[in-house]
Amino acid sequence: MQRQFRQFSVASHLSVRLAVAVGVFGLVASIPYVAVTHGQDEVPVSTQQTPLSGVTSLTQNPLQIALLHWYNANLTTSFKVGNFPSSAAFDGANIWVASYSASTVTKLRASDGTVLGTFTVGPSPIFLAFDGANIWTANNGDNSVTKLRARDGAVLGTFTVGSRPGCVAFDGKNIWVSNFNSNNVTKLRASDGTVLGTFTVGTNPTGVASDGTNIWAANQGSNNVTKLASSGTVLGTFPVGSGPGDLAFDGANMWVVNGLSNNVTKLRASDGTVLGTFSVGNRPYDVAFDGANIWVANFNSNTVTKLRASDGAILGNFAVGTSPQSVAFDGANIWVVNAGSNTVSKL
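Residues numbered from 1 in each chain as written. Predicted model: local features only at pLDDT ≥ 70, side-chain atom pairs only at ≥ 80, totals over all residues. Heavy atoms only, no water.

**Observations concerning the pairing of strand E14 (residues 184-189)**
Across a regular strand the side chains alternate sides, sitting on one face of the sheet and then on the other.
At step 1: Counted residue by residue, E14 has five buried out of six residues, so it is predominantly covered.
At step 2: The pairing of strand E13 (residues 174-179) with E14 spans six bridges and is antiparallel. From the neighbouring strand, Asn179 faces E14, where its bridge partner is Asn184.
At step 3: In textbook terms, the turn of a hairpin is the stretch between consecutive antiparallel strands, and for E13 and E14 this stretch comprises four residues, one of which, Asn183, has a positive phi near 55°. (Buried < 20%, exposed > 50% of the residue type's maximum accessible area, 1.4 Å probe, protein only. Helix = DSSP H or I, 4+ residues; strand = E, 2+ residues; numbered from the N terminus. Pairing = 2+ DSSP bridges.)

**Observations concerning the pairing of strand E30 (residues 343-346)**
At step 1: Burial of the side chains of E30 extends over both faces: Thr343 and Ser345 are buried on one face and Val344 and Lys346 on the other.
At step 2: Bridge count for strand E3 (residues 78-80) against E30 is three bridges, and the pairing is antiparallel. Bridging from a neighbouring strand, Phe79 pairs with Val344 of E30.
At step 3: In textbook terms, the turn of a hairpin is the stretch between consecutive antiparallel strands, and for strand E29 (residues 334-338) and E30 this stretch comprises four residues, one of which, Asn342, has a positive phi near 55°.

**Quick notes on the environment of Val296**
At step 1: If you trace the backbone, Val296 turns up in strand E25 (residues 293-298).
At step 2: Assessed through its relative accessible area of 0%, Val296 is described here as buried.
At step 3: Taking C-alpha positions, Val296 is 6.6 Å from Lys306, a pair spaced 10 residues apart along the chain.

Written as structure tokens, this is what we have:
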């Protein structure tokens, strides 16, 4: 079953060392020369700057560099998880995967994919979020969310939300849940699960995401996104593509996958202006940001598309498992949830 899509169909070592050495030499060479001789009171300082050489800019983040992750994507590593996996989230050390048909979540060590535990949650968990200490699951089958302690998987509570919850997001203090059949979002206090409000958005909200200040809901049935203040006040509604699903924030812009038009829309978060629409694979479901690039899971193409966040240019399409439905970033690697092959791919 997929969420109405998803409720729905769901360099060598030597060259590196040389580059580092050259970079260090270039840095040292750029330091102003200070000459001191006995009996002189003045210290002449050269104002001439030597241009930096070697590695002066990178698209890789520090963890990718440390792991020698110079390649675009790893096409070989995958791990078995539960039946019909639907979503993934990173907790700082581990990857959590929701298994829709098994009503469980699996915890894997991100470094090597070792399974650290499998934990029962509500029926049909469809999306996950991490709040800094706990994992939250949106349980599509019984209109609830489950809170688990990330350290050991202990269930800390199950809380009622709206009808057919499809996505969950953390804003730094609260948990927000999109309710597909209720046409609203629920706000819960993360510390104890108390419902703080329920707010109307568009038709059939699927994805929900925070931009650090405001909440965005992607409305699959009305082909738009709603921007809300933390108070729940609607700040704007903005048209996107057909069948919008999940969203991701890149620090300045909101990216929306459009499942029926096979593209993604980039909107400026400050005012909702559409900055571009970019083609991806067939039936895109989920989207993630890695600090420089946007990754999109294409359910019907069995691929993920990598786009440069600055301009939407396609940097590659990579084969993964069957029916990829979700993507997550662990600081160095992209994890792809393959609903049709009951695996996760680590790129």
